[in-house]
Amino acid sequence: MRTIALAVLSTMVSAVLVVPAAQALPDGLAPTPPMGFNNWNTTACRTEFNEAMVKGIADIFVNKGLKDAGYEYVNIDDCWAEKTRDSAGKLVPNRTRFPNGIKAVADYVHSKGLKFGIYTSAGTKTCNKDNGFPGGLDHEESDAQQFASWGVDYLKYDNCNNQGVDAKQRYRKMRDALKKTGRPIVFSLCEWGQNKPWEWASDTGHLWRTTGDINDTWPRTMDIYEKNVVLDSYAGPGHWNDPDMLEVGNGKMSAVQYRSHFSLWAIMAAPLLIGSDLRKVSADTFTILENKDVIAVDQDRLGVQGKRIRTTGKSGVDVIVKPLANGDKAVALFNKSGSTQTISTSLAEIGMSGPAVLKDLWTKTARTTTGTISASVPSLATVIYRVSKDGPRPTPPAGTTDLSAFEASSSANGWGPVEIDRSVGNQAAGDGRTITINGVVHQKGFGAHAAGTIDFYLGRKCSTLSVDVGIDDEVAAGKGSVIFQVFADDVKVADSGRLTGTDAAKKLTASLTDAENLRLVLTDAGDGINSDHGDWATPRITCA
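If you're wondering where the values come from, they're calculated on a predicted model, not measured in any experiment.

Here's the deal with the sheet that holds strand 9 (residues 307-311)
Each strand in a sheet pairs with another by means of backbone hydrogen bonds, the pair being arranged parallel or else antiparallel.
Thought 1: As summarised here, the arrangement of the 6 strands in space is 9-10-11-16-13-14, forming an open sheet in which the pairing is antiparallel. Each edge of the open sheet is held by one strand with a lone partner, namely strand 9 and strand 14 (366-369). The mean angle between the axes of side-by-side strands here comes to 25°, regardless of whether they run parallel or antiparallel.
Thought 2: Sheet contacts for helix 8 (residues 218-229): strand 9, strand 10 (317-323) and strand 11 (329-335); angle to strand 10, the most-contacted strand, approximately 50°.

Considerations on the packing of aromatic side chains
Two aromatic rings are characterised by how far apart their centres lie and by the angle between their planes.
Thought 1: For the structure shown, the criterion picks out 14 aromatic pairs.
Thought 2: Seen in terms of ring centroids, F49 and F98 are 5.5 Å apart; in terms of plane orientation they differ by 75°. Their pairing is edge-to-face. Of this pair, F49 sits in the loop between helix 2 (40-43) and helix 3 (51-63) while F98 sits in the loop between strand 2 (73-75) and helix 5 (101-111), and the two are 49 residues apart along the sequence. As far as burial versus exposure is concerned, F49 and F98 are alike and both buried.
Thought 3: An angle of 55° between the planes, with centres 5.2 Å apart, marks the rings of Y73 and Y154 as tilted.

Some remarks on the layout of surface pockets
Thought 1: Its boundaries defined by the atoms lining it, the second largest pocket holds a volume of some 450 Å³.
Thought 2: The wall of the second largest pocket is formed by 22 residues, among which W40, N41, D213, I214 and M245 lie closest to the centre.
Thought 3: Listing elements by their share of the lining of the second largest pocket, those giving two or more residues are helix 2 and strand 4 (154-158).
Thought 4: Among the residues making up the lining of the second largest pocket, the classes are represented as 7 nonpolar, 4 polar and 11 charged.

Side note on the state of the cysteines
Thought 1: Counted by the stated rule, this structure contains 3 disulfides.
Thought 2: Here C45 pairs with C79 through a disulfide, and the sulfurs are 2.0 Å apart. Since a negative S-S torsion denotes a left-handed disulfide, the C45-C79 link at about -125° is left-handed. Of the two residues, C45 sits in the loop between helix 2 and helix 3 while C79 sits in the loop between strand 2 and helix 5, which places them 34 residues apart along the sequence. Taken individually, C45 and C79 each receive the classification buried, so the pair is uniform in this respect.

A few points about the nonpolar core
Thought 1: Of all hydrophobic cores here, the largest spans 97 residues; its most connected members are Y71, W80, I118, F262, W265 and L278.
Thought 2: Excluding anything up to four places from it in sequence, I118 contacts I76, W80, I102, F147, W150, V152, Y154, L155 and K156.
Thought 3: Among the nonpolar cores identified, the runner-up in size contains 33 residues, and A488, L499, L518 and L520 belong to it.

Here we look at helix 7 (residues 167-181)
Thought 1: In this model, helix 7 (15 residues) spans 22 Å end to end at C-alpha, consistent with the 21 Å of a helix rising 1.5 Å per residue.
Thought 2: The inward-facing, buried residues of helix 7 contact helix 6 (140-150), strand 4 and strand 5 (186-189).
Thought 3: Trailing helix 7 by a residue or two, G182 shows a phi angle of about 80°, which is positive.

Thoughts on empty space enclosed by the protein
Thought 1: Applying the stated rule across the entire model yields 3 cavities of 30 Å³ or more.
Thought 2: Estimated volume of the largest cavity: approximately 100 Å³.
Thought 3: Here the lining of the largest cavity is built from residues that sort into 4 nonpolar, 3 polar and 4 charged.
Thought 4: Considered as a void within the structure, the second largest cavity measures approximately 70 Å³ in volume.

Digging into the side chain of T211
Thought 1: Relative to the helices and strands, T211 resides in the loop between strand 6 (207-209) and helix 8.
Thought 2: Judged by relative accessible area, T211 falls into the buried class, the value being 3%.
Thought 3: Excluding residues within four positions of it along the chain, T211 makes contact with W192, G193, R220, I224, K227 and P243.

A short note on the packing of helix 3 against helix 5
Thought 1: One way to put it is that helix 3 packs onto helix 5 with a least axis distance of 9 Å and a crossing angle of 10°. On the basis of their axis angle, the class for helix 3 and helix 5 is roughly parallel. From helix 3, E51, V54, K55, A58 and D59 reach across to helix 5, where they touch V105, Y108 and V109.
Thought 2: Per-class residue counts for the contact of helix 3 with helix 5 are 5 nonpolar, no polar and 3 charged.

Topic: unusual backbone geometry
Thought 1: The peptide bond linking G354 to P355 adopts the cis configuration, its omega dihedral lying at -5°.
Thought 2: Its place among the elements puts P355 in the loop between strand 12 (341-346) and strand 13 (356-360).
Thought 3: Omega for the peptide link from A450 to A451 comes to -5°, which places this bond in the cis form.
Thought 4: Looking at where A451 falls in the secondary structure, it is placed in the loop between strand 22 (445-449) and strand 23 (452-457).

Section: the pairing of strand 26 (residues 491-500)
Thought 1: The sheet contact formed by strand 25 (residues 481-488) and strand 26 spans 7 bridges and is antiparallel. Its bridge partner being in strand 26, S481 is matched across the sheet by T500.

Brief notes about the side chain of T453
Thought 1: Considering the arrangement of structural elements, one finds T453 in strand 23.
Thought 2: Take T453: its relative accessible area is 8%, and that puts it in the buried class.

Re the sheet that holds strand 6
Thought 1: With parallel pairing, the 8 strands of this open sheet are ordered in space as 7-6-5-4-3-2-1-8. Each edge of the open sheet carries a strand with a single partner, namely strand 7 (240-242) and strand 8 (272-274). Adjacent strand axes in the sheet meet at a mean angle of 25°, parallel and antiparallel pairs treated alike.
Thought 2: Two elements, strand 2 and strand 3 (residues 115-121), share 3 bridges in a ladder whose sense is parallel. Among the inter-strand pairings, Y73 is bridged to a residue of strand 3, identified as K115.

Things to note about the environment of G275
Thought 1: Along the chain, G275 falls in the loop between strand 8 and helix 10 (283-289).
Thought 2: The class for G275 is buried, based on a relative accessible area of 0%.
Thought 3: Every residue in contact with G275, bar those within four places of it in the chain, is listed here: N38, N41, T42, M245, L246 and N250.

Conventions adopted
Residues numbered from 1 in each chain as written. Predicted model: local features only at pLDDT ≥ 70, side-chain atom pairs only at ≥ 80, totals over all residues. Heavy atoms only, no water. Pairing = 2+ DSSP bridges. Helix = DSSP H or I, 4+ residues; strand = E, 2+ residues; numbered from the N terminus. Axes fitted to C-alpha atoms, helices over the stretch in contact; angles between N-to-C directions. Contact = heavy atoms within 4.5 Å. Phe/Tyr/Trp six-rings, centres within 6.5 Å; stacked < 30°, edge-to-face > 60°. Buried < 20%, exposed > 50% of the residue type's maximum accessible area, 1.4 Å probe, protein only. 1 Å grid on protein atoms, 1.4 Å probe; cavity = no way out; pocket = protein on both sides within 12 Å on 5 of 7 lines; lining within 4 Å. Points joined across faces, edges and corners; volume = space filled by probe spheres on them. Nonpolar A, V, L, I, M, F, W, Y, C, P; charged D, E, K, R; others polar. Disulfide = S-S within 2.5 Å. Core = buried A, V, L, I, M, F, W, Y, C linked by side-chain atoms within 4.5 Å. Expected span 1.5 Å × (residues − 1). Parallel < 35°, antiparallel > 145°, perpendicular 65-115°, else oblique.

In structure tokens, the structure reads:
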């Protein structure tokens, strides 16, 4: 039995145990991970944190090419306020640091074509131990209105002095207050991962910290990486896992380690918030931070966090794969060991067929492969490739035909390989059965499992797709709930809405006119991916 991709046992086991978060906020913010700067690691609460410093960072963004590379948020952290509120209960900007107020700084940042972010805590006071500036607990609406009036575009909401109040209650109260202002403000939950926000916060904030604070050491960076890399099922457009800011350029790690740090954050679709002193960093730091090929992996509009498909432990090697919106794949070969290692995967293992071009995103060299993806990787280094189909790409034949007879350009699946003309079955290739939805048998189609994608190259030759979608009868009665979506390039052209194991198949018809690529997406419907065996049944495509 043909399969589109090969399953990897460790990946599939972890996928079954993961329970994705609730649906993302429907406000369209943070469709890709936020990129910018946060001053905390640069200045902490020292006197150099002031209006001139913040404006200077905005200037550097423009003058040094960071804005052109995609960085847009200039965010300030703790210690920006006076120690007490005014008589009306309002926050007061520190008169020494910000003599012209916060709005003046935000206005300057906006004048550069950038956005401005601020900080407070979901407690009675912020996290600064010496001063304890006013926190937002029980002042949510007042503070949110102030932030909006100042022109704030991004709020980092910390977790100190929270008085034991339930995290969901505290963070959702500020979410509602921000929404009430009417200003679009990206909401960053700095909850440190204490209450597993990835399981509940995607309808609360646009990103959430998955760990405690990072610092400029390799062991801490790796500890955070290990905790964040396994949470891929929870991330997506408008709701991101946040393993904390970048340490690139702070000086205590090597250039090799910083490139690995940047590569890993990018393939994990992490927010890229610079934490180094841009007034003092080396030219090499700018070279790392402005690598547009690596940034493109992080900022890919499909919004999928890379999945670790193989690991040999904390002192071994990892292979991470991230599907991209145009059907390419990003592949990171990460060597955590103390000596050079040859790390290998294959096109089949990452859900592609050959030949393909491997572009090294650091050396910018490219080569062609018909199967093997391999590199000799120095200790603590990461080789990151963009893998693209090579040569003329086949398109479906003219007329109306079965899409399952045509080769996909790439695929990814949440459990087992995507199957052709069979249900997904279990984790082994070819172990499914005849596609059956609510008693109706279909001889053609794809057996898939949330979260999954199947990509096809159309070359602007096709006009319509019709397909019956639903949960396969191999799932126990009443189990599973999924959503099927069809994309023509980056435009969603069909959506099934939520379907469960008790529903009959739903017919989707989608216009593909002028589309270069077709993507079939199977997502979880908000209650976990267990039993989410979804069928794309009798898919018929019409092409010229």
